[in-house]
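Notes for the structure review
So you can see what is in the structure, the chains are spelled out below.
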Amino acid sequence: MQSRSLSRRTALAAAVALPFVWRPGFAQGGPLRRTPAQTEGPFYPVEIPKDSDFDLLRNGAAEYRKGQPAWVSGQVLDVQGTAVSGAVVEIWQCDEAGNYHHPGDGGRADPSFQGFGRVVADREGRYRFRTIKPVPYTGRTPHIHVKVRLQQRELLTTQLYVEGDPHNERDGLWRRMSAAERASVTVPFRSGSDGVQANFPIVVAA
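Below or above, wherever it landed, is the structure these notes cover. Keep in mind that what you see is a predicted model, and the values were worked out from it rather than measured.

Time to look at the overall build of the chain. Looking only at helices and strands, the chain has three helices and twelve strands in total. For the chain, with 206 residues in total, the buried portion stands at 50%. Here the analysis covers contacts within the chain between residues at least 6 apart in sequence; of these, 75% occur between residues at least 24 apart. For the chain, the computed accessible surface area is about 10,300 Å², with 52% contributed by carbon and sulfur atoms.

Okay, structure coming up:
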C-alpha cells in the first residue's frame, strides 16, 4: 500500500509537470474573465472517500475499465493572470452508466470508479486528473463538477462541459449562461498521444 501511494504521488508530480496549453479567448494584457459559478448539485460527497487522489479510474485496488479514459488538466489563475499556487481542485462526476457515488442516487455507482478526486495545484497553478469523458444522464448533458478552494476559502464551484455535445443545447443550466460564459466552461475533448485530453483553465477571484 505504501509503495502504491508513492507511485501515485510520483505520477501526479509527473502529470502536473507537463506544459500548460493556453486556451484561446482569454484576455491578453488586461484582467481575465472569471470562470462562471454554477450549482454544486445534489451529489457532492457526503463524506470524502478514502481514495480521493487524481486517478478516478482506480478506486483502492479496483480498476475501472468502462467509459472513455480521459485526462482533464488546466491551470488555476486569478483575474490578474497570476497562478494560484496551492489551490485545491476537486472534481466529481457520474460513472459510465450515469450513477454518482452518493446515497441520494440510489447507491448504484460502480464501486471500481472513484467518482471524486482532489489535487493541490503546483507552483504554476497546474492540476491534472485521470478520469472518463463525461456522459449524459436523464435531464443533464455530459459534465464534470469542479470546486476550487484556497486554505479555508471556497473560491469557485462550477461545471465543465464537452464542446460539441448535442445534449448541451437541451440542458437548462448550460443554456442559462451567456455565450461568453458557455465558452469558458465548454471545452473540447481531443485524442492525443496520451489518450483523450481536455484543457480547462480556471480563473478565480483569489
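Before going further, it helps to spend a moment on the packing of aromatic side chains. In total, this model carries seven aromatic pairs according to the counting rule given. Summarising the aromatic geometry, the rings of Phe-54 and Trp-71 are spaced 6.4 Å apart at their centres and angled 15° between planes, so their arrangement reads as stacked. Within this pair, whereas Phe-54 is found in the loop between α1 (2-16) and β1 (58-59), its partner Trp-71 is found in strand β3 (residues 69-78), the two being separated by 17 residues in sequence. Looking at Trp-71, the relative accessible area reads 14%, which means it is buried. Between the aromatic rings of Tyr-100 and Tyr-137, the centroid separation amounts to 5.8 Å while the plane-to-plane angle is 90°, which identifies the pairing as edge-to-face. Note that Tyr-100 is positioned in the loop between β4 (88-92) and β5 (116-120) and Tyr-137 in the loop between β6 (126-132) and β7 (143-150), a separation of 37 residues in sequence. It is Lys-147 that lies over the ring of Tyr-44; its NZ or CZ is 5.3 Å from the centre. Over the ring of Trp-174 we find Arg-182; its NZ or CZ atom is 4.7 Å from the centre of that ring.

Another aspect to go through is the sheet that holds β5. Spatially, five strands are ordered β5-β4-β7-β8-β9 in an open sheet, and the strand pairing comes out mixed. Each end of this open sheet is capped by a strand with a single partner; those strands are β5 and β9 (186-187). Across five bridges, β4 lies against β7 in antiparallel orientation. Residue pairing across strands places Trp-92 opposite His-145, the latter belonging to β7.

Judged by nonpolar contacts, the single largest core of 38 residues is most densely connected at Val-76 and Ile-202. Those elements giving two or more residues to this core turn out to be β3, β4, β6, β7, β8 (153-162), α2 (172-176), β11 (195-199) and β12 (202-204). Sort the elements by how many residues they give to this core and β8 lands first, with five residues. Beyond its immediate stretch of four places on either side in the chain, Ile-202 contacts Thr-35, Gln-75, Val-76, Leu-77, Tyr-127, Val-146, Val-148 and Leu-156. If you look at the next biggest cluster of nonpolar residues, it comprises seven residues, including Phe-43, Tyr-44, Trp-92 and Val-135.

Another aspect to go through is the pairing of β4. Side chains on a regular strand alternate between the two faces of the sheet. Burial within β4 is extensive, with five of its five residues counted as buried. Burial of the side chains of β4 extends over both faces: Val-88, Glu-90 and Trp-92 are buried on one face and Val-89 and Ile-91 on the other. With five bridges joining them, β4 and β5 adopt antiparallel strand pairing. From the neighbouring strand, Glu-90 faces β5, where its bridge partner is Arg-118.

Take Ser-191: it is sitting in strand β10 (residues 190-192). We classify Ser-191 as exposed; its relative accessible area is 70%. Along the sequence, Ser-191 and Ala-70 sit 121 residues apart, while their C-alpha atoms lie 8.8 Å from each other.

Let's shift gears to the side chain of Gln-114. Its place among the elements puts Gln-114 in the loop between β4 and β5. A polar side-chain atom of Gln-114 sits 2.7 Å from the main-chain carbonyl oxygen of Phe-116.

Evaluated as defined, the whole model comprises twelve salt bridges. Across the pair Glu-63 and Arg-58 runs a salt bridge, and its minimum N-O distance is 3.6 Å. The class for Glu-63 is partly exposed, based on a relative accessible area of 35%. Using a relative accessible area of 24% as the deciding quantity, one classes Arg-58 as partly exposed. Taken together, the salt bridges that share partners define one network made up of Glu-40, Glu-90, Arg-118, Lys-147, Arg-149 and Glu-154.

Analysis parameters
- Residues numbered from 1 in each chain as written.
- Predicted model: local features only at pLDDT ≥ 70, side-chain atom pairs only at ≥ 80, totals over all residues.
- Heavy atoms only, no water.
- Helix = DSSP H or I, 4+ residues; strand = E, 2+ residues; numbered from the N terminus.
- Buried < 20%, exposed > 50% of the residue type's maximum accessible area, 1.4 Å probe, protein only.
- Contact = heavy atoms within 4.5 Å.
- Areas by Shrake-Rupley, 256 points an atom, 1.4 Å probe, with all protein chains shown as cover.
- Phe/Tyr/Trp six-rings, centres within 6.5 Å; stacked < 30°, edge-to-face > 60°.
- Lys NZ or Arg CZ within 6 Å of the ring centre and 35° of its normal.
- Pairing = 2+ DSSP bridges.
- Core = buried A, V, L, I, M, F, W, Y, C linked by side-chain atoms within 4.5 Å.
- Polar contact = N/O pair within 3.5 Å; in protein donor to acceptor, adjacent residues only side chain to side chain.
- Salt bridge = Lys/Arg side-chain N within 4 Å of Asp/Glu carboxyl O.

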